[in-house]
Amino acid sequence: MKAKQAERLLKLPIYVFAQLDKIKAEMAAKGADLIDLGMGNPDIPPPPEIIETLVKSLQNPENHRYPSFEGAPEFKAAVAGWCRRQYNISVDPDHEVVTLIGSKEGVVHFAFAYIDPGDITLVPMPAYPAHFRGTILAGGEPVVLPTTEHRGYVPDLKIIDPDIARKAKMMILSYPSNPTGAVADRSFFEAAVAFCKKYDIILVHDFAYAEIYFDGQKPLSMLAIPGAKDICIEFHTTSKTFGMPGWRCGFAVGNRDLIESLRKIKTNLDYGLFTAVQKSAIAAMTLDEKEYIGRVRATYQRRRDVLVDGLNSLGWQIKKPAASLYVWLPVPQGYDSTEFTMRLIEKTGVVVSPGIAFGELGEGYIRAALVAPEARISEGIERLRQAGIRYDG
Ligand SMILES: Cc1ncc(COP(=O)(O)O)c(C=O)c1O
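Computed from a predicted model, the values in this text were never measured in an experiment.

1. Focus on the domain arrangement of the protein
Here comes step 1: Per the domain assignment, the segments making up the protein are domain 1 (7–45 + 290–386) and domain 2 (48–288).
Here comes step 2: Computed over C-alpha atoms only, the centres of domain 1 and domain 2 are separated by 24 Å.
Here comes step 3: In this complex, domain 1 contributes 37 residues to the contact, which on the side of domain 2 involves 34 residues.
Here comes step 4: Together, R297, F358 and L361 form the three largest contributors to the area buried by domain 1 at its contact with domain 2, with a combined 18%.
Here comes step 5: Where domain 1 touches domain 2, the interface holds two salt bridges.
Here comes step 6: For R297, the salt bridge is made with E211, and the minimal N-O distance between the two is 2.8 Å.
Here comes step 7: The tally of links from domain 1 across to domain 2 stands at 12 residue pairs in polar contact (both at pLDDT 80 or more).
Here comes step 8: Looking at the side of domain 1 that touches domain 2 element by element, the count peaks at nine residues for helix α12 (residues 289–312).

Okay, here's the thing in structure tokens:
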């Protein structure tokens with residue numbers, strides 16, 4: 001085929017995961033027993049109640065018709081109730097909620113609602129790739145806000161060039177963070193809201209890991225900051241909270257103009273979220289919080305402890321992340337992140353993600369996701385020990 005791809009596709013950085021997938025497939029075909037901590041793909045199944053709700057909903061022919069674009073009134077009401085109970089924020093279900101086919105879809109399409117060619121989005125890096133790829137696809141320019149371990153992976157807003165700030169249209173924050181596991185405190189969120197108001201910047205907060213936190217330290221919704229709703233849209237998902245990544249269910253809440261613009265984009269692109277999935281998500285959001293999510297958090301926390309303690313016994317000096325599904329660790333000297341990832345797979349069958357996948361400032365690191373049982377994580381550590389893989393600086 002001679003046709004040249006559109007510039008917006010050609011401008012995207014290489015998709016490192018494609019290379020990784022190829023090697024994984026080759027190793028699996030040779031019978032390798034892979035311990036896959038590569039993708040943040042939750043392995044804890046959803047609560048049985050919501051599967052029962054799905055099965056029941058599938059039996060009603062009405063639910064197989066096109067759903068409403070923006071979400072059923074019951075779904076939006078359940079979202080408003082969930083947001084009030086979980087984050088102490090109030091959203092109007094009629095004007096401040098929209099359903100999404102997963103939060104990735106929402107975050108990327110939101111860029112299309114506001115970013116014109118040449119527009120600037122401020123993005124902390126390392127970052128979840130959709131945070132900068134959405135802007136690139138829309139023809140805009142992501143401007144990187146570097147984050148480092150030293151500052152807790154939170155950008156320093158004071159060093160942003162005022163000329164850039166004046167030109168910026170959007171800022172995308174996401175705490176708890178993928179890939180670093182960092183959380184941000186109230187004072188940073190207050191500063192971010194004040195900064196975006198000062199420069200008239202749309203504040204996007206991707207809150208995908210809202211419920212995956214450890215040691216009882218609950219992360220804050222950006223919308224809990226007074227005045228945030230004037231400028232902020234926040235993205236949520238059932239993928240991580242309820243172990244439903246394959247169901248493709250999320251929602252956005254926040255400023256009504258921002259929600260309306262996203263809804264307008266989406267009415268031109270999709271037909272909303274399958275009604276049977278909406279019904280199941282309603283069941284999920286009205287479950288007894290402590291029972292299911294409490295167990296999920298405790299499971300991920302135990303896995304985090306096994307992984308971090310194990311790595312530290314091999315010379316790393318990693319602090320336990322406060323939240324998210326990830327452990328972010330430096331690669332030993334002599335390798336870049338892709339080389340070390342490939343070495344790990346080939347020598348031990350342990351799959352991780354190379355830091356370069358999260359932008360150039362992710363180079364020098366790898367990310368391991370807590371998506372395998374504790375026993376498999378321990379086995380992975382043992383395989384590293386046997387292969388002589390250590391961190392000595
Ligand atoms: C920060 C962040 N946002 C969004 C997503 C995607 O979630 P969803 O399944 O809702 O599209 C992920 C998935 O890993 C993520 O890490």
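2. So, the pattern of salt bridges
Here comes step 1: This structure, assessed with the given rule, holds 30 salt bridges.
Here comes step 2: A salt bridge links R304 to D215, with the shortest nitrogen-to-oxygen separation between them at 3.2 Å. Note that R304 is positioned in helix α12 and D215 in the loop between β6 (202–206) and β7 (232–237), a separation of 89 residues in sequence.
Here comes step 3: Classification of D215 by relative accessible area gives partly exposed; the value is 47%.
Here comes step 4: The network of salt bridges with common partners includes D215, R304, D305, D309 and K320.

3. So, the site of the ligand
Here comes step 1: Within the structure, the ligand sits among 14 residues, and S103, D206, Y209, T237 and S239 are positioned closest to it.
Here comes step 2: The side chain of N178 places a nitrogen or oxygen atom 2.7 Å from an oxygen atom of the ligand.
Here comes step 3: At 2.7 Å, a side-chain N or O of K240 approaches an oxygen atom of the ligand.
Here comes step 4: Considering the ligand on its own, with 400 Å² of exposed area, one finds that the protein chains cover 92% of that surface.
Here comes step 5: Using a 2 Å cut-off from the grid points, one finds that the ligand occupies the largest pocket.
Here comes step 6: Of the residues that constitute the shell around the ligand, the class distribution is four nonpolar, six polar and four charged.

4. Examining a negative patch on the surface
Here comes step 1: A cluster of acidic side chains, namely E49, E52, D288 and E291, defines a negative patch on the protein surface.
Here comes step 2: With respect to the helices and strands, D288 occurs in the loop between α11 (275–285) and α12.
Here comes step 3: Overall, D288 belongs to the partly exposed group, its relative accessible area being 47%.

5. Things to note about the side chain of E96
Here comes step 1: With respect to the element layout, E96 can be found in the loop between α4 (73–87) and β2 (97–100).
Here comes step 2: With residues near it in sequence (within four places) discarded, E96 still touches S90, V91, K229, A252, V253, G254, R256 and I259.

Rules used throughout
Residues numbered from 1 in each chain as written. Predicted model: local features only at pLDDT ≥ 70, side-chain atom pairs only at ≥ 80, totals over all residues. Heavy atoms only, no water. Domains from an automatic or database assignment. Contact = heavy atoms within 4.5 Å. Buried area = accessible area lost by both parts, 1.4 Å probe. Salt bridge = Lys/Arg side-chain N within 4 Å of Asp/Glu carboxyl O. Polar contact = N/O pair within 3.5 Å; in protein donor to acceptor, adjacent residues only side chain to side chain. Helix = DSSP H or I, 4+ residues; strand = E, 2+ residues; numbered from the N terminus. Buried < 20%, exposed > 50% of the residue type's maximum accessible area, 1.4 Å probe, protein only. Near = heavy atom within 4 Å. Areas by Shrake-Rupley, 256 points an atom, 1.4 Å probe, with all protein chains shown as cover. 1 Å grid on protein atoms, 1.4 Å probe; cavity = no way out; pocket = protein on both sides within 12 Å on 5 of 7 lines; lining within 4 Å. Sits in = over half its atoms within 2 Å of the grid points. Nonpolar A, V, L, I, M, F, W, Y, C, P; charged D, E, K, R; others polar. Patch = residues over 30% accessible without salt bridge, like charges linked within 9 Å, V, L, I, M, F, W, Y side chains within 5 Å. Lys, Arg positive; Asp, Glu negative; His and termini not counted. Charge placed at Lys NZ, Arg CZ, Asp CG, Glu CD.

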